[in-house]
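Chain residues, written in single-letter form:
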Amino acid sequence: NAGVTQTPKFRVLKTGQSMTLLCAQDMNHEYMYWYRQDPGMGLRLIHYSVGEGTTAKGEVPDGYNVSRLKKQNFLLGLESAAPSQTSVYFCASKSGQGPQPQHFGDGTRLSIL
Amino acid sequence: GQQVMQIPQYQHVQEGEDFTTYCNSSTTLSNIQWYKQRPGGHPVFLIQLVKSGEVKKQKRLTFQFGEAKKNSSLHITATQTTDVGTYFCAGPSFGNEKLTFGTGTRLTIIP
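Described below are features of the structure shown in this document. What you see is a predicted model, and the numbers here were worked out from it, not measured in a lab. (Residues numbered from 1 in each chain as written. Chains lettered and ligands numbered in written order. Predicted model: local features only at pLDDT ≥ 70, side-chain atom pairs only at ≥ 80, totals over all residues. Heavy atoms only, no water.)

Describing the packing of aromatic side chains
In this structure the tally under the stated criterion is 13 aromatic pairs over all chains. Ring centres of Phe19(B) and Tyr87(B) lie 5.9 Å apart, and the angle between their planes is 40 degrees; on these two criteria the pair is classed as tilted. One end of the pair, Phe19(B), is in strand β3 (residues 19-25); the other, Tyr87(B), is in strand β9 (residues 85-93), with 68 residues separating them in the sequence. No difference in accessibility class separates Phe19(B) from Tyr87(B), as the two residues are buried. Aromatic rings pair up to connect Tyr33(A), Tyr35(A), Tyr48(A), Phe90(A), Phe104(A), Tyr35(B), Phe45(B), Phe88(B) and Phe101(B) into one cluster. Positioned over the ring face of Tyr31(A) is Lys94(A), at 4.8 Å from the centre of the ring. (Phe/Tyr/Trp six-rings, centres within 6.5 Å; stacked < 30°, edge-to-face > 60°. Helix = DSSP H or I, 4+ residues; strand = E, 2+ residues; numbered from the N terminus. Buried < 20%, exposed > 50% of the residue type's maximum accessible area, 1.4 Å probe, protein only. Lys NZ or Arg CZ within 6 Å of the ring centre and 35° of its normal.)

Structure, rendered in structure tokens:
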């Protein structure tokens, strides 16, 4: 099992460019999450999904959009990248309701120049 | 909104010394989870505590959930170089739909 796979692993963008980060999980999990991690600030939730076709805002949603068209995939989009969005992005999933552990991907290191 | 704070932010210890990180929530938690992130890696689930006053052990790691379910601690006995990383606690919000992560404690080991 691959678990949670994030694509790409690294990316450099110019301010104003757009891009999409892909998260795929093969564990048939219902819940999926996008976090950003910045030095000294831990993991902050951007958006999440509790099932196919659903999305919800997290703690820091501004400047990002998401889609969950298929259960196994959760896409994070940056429409117009800004230097403040330079970060490490992690995708995670969990099986369903209840206090289940979250399984994380390896992360995407994104730099906005 | 819910806040989860961890102290200390950084801890440097000699190999073989003990290490403790503390987690405090602004609200009562139904459960608390702990994760470890190695340098350059991703967070990995370690354990979950549910009951008031619960204590769980994993080899040299001891996890404790406070009686009021608003705080937790992780204690590592006789640290080893493999313990290097950042330790995060996380509490649930919106039922168990999502987690609020603490700011983390970064542990470095001096050989």
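Structural notes on the sheet that holds strand β1 (residues 4-7) of chain B
All names here are of chain B. Sheet architecture is open: five strands sit in the order β1-β3-β8-β7-β6, paired in antiparallel fashion. The two strands at the open ends of the sheet, each matched to only one other strand, are β1 and β6 (55-58). Along the sheet, successive strands turn relative to each other by an average axial angle of 15 degrees, direction set aside. Note that strand β7 (residues 61-65) and strand β8 (residues 71-76) share five bridges and pair antiparallel. In the strand pairing of β8, Thr 62 is matched with His 75. (Pairing = 2+ DSSP bridges. Axes fitted to C-alpha atoms, helices over the stretch in contact; angles between N-to-C directions.)

What about the state of the cysteines?
Counted according to the given criterion, the structure contains two disulfides over all chains. Linked covalently through their sulfurs, Cys23(A) and Cys91(A) form a disulfide whose S-S length is 1.9 Å. Where Cys23(A) bonds to Cys91(A) through sulfur, the torsion about that S-S bond is close to -75 degrees, and the disulfide is left-handed. Taken as a pair, Cys23(A) in strand β3 (residues 19-25) and Cys91(A) in strand β9 (residues 87-94) lie far apart in primary sequence, 68 residues in all. Both residues of the pair, Cys23(A) and Cys91(A), belong to the buried class. Each disulfide pairs two cysteine sulfurs, and for Cys23(B) the partner residue is Cys89(B), the sulfurs being separated by 2.0 Å. Between Cys23(B) and Cys89(B), the disulfide has an S-S torsion of 80 degrees and is therefore right-handed. (Disulfide = S-S within 2.5 Å.)

Notes on the side chain of Gln6(A)
Residue and element names in this part refer to chain A. Note on placement: Gln 6 falls in strand β1 (residues 4-7). A polar contact of 2.9 Å, which involves the side chain of Gln 6, links it to the backbone oxygen of Tyr 89. Side-chain polar atoms of Gln 6 contact the backbone nitrogen of Cys 91, separated by 2.9 Å. In this view, Gln 6 contacts Leu 22, Trp 34, Tyr 89, Phe 90, Cys 91, Gly 105, Asp 106, Gly 107 and Thr 108; residues no more than four positions away in its chain are not counted. (Polar contact = N/O pair within 3.5 Å; in protein donor to acceptor, adjacent residues only side chain to side chain. Contact = heavy atoms within 4.5 Å.)

Some points on the interface of chain A and chain B
With 22 residues of chain A at the interface, the matching set in chain B holds 20 residues. Regarding the contact of chain A and chain B, the summed buried area is about 1700 Å², with carbon and sulfur atoms giving 54% of it. When the area that chain A buries against chain B is broken down by residue, the three leading residues are Leu43(A), Pro99(A) and Phe104(A), summing to 29%. At the boundary of chain A and chain B, one finds zero salt bridges. Between the two partners, chain A and chain B, sit nine residue pairs in polar contact (both at pLDDT 80 or more). At the level of secondary structure, the elements contributing two or more residues to the side of chain A that touches chain B comprise β4 (31-37), β5 (43-49) and β9 of chain A. Looking at the side of chain A that touches chain B element by element, the count peaks at four residues for β4(A). (Buried area = accessible area lost by both parts, 1.4 Å probe. Salt bridge = Lys/Arg side-chain N within 4 Å of Asp/Glu carboxyl O.)

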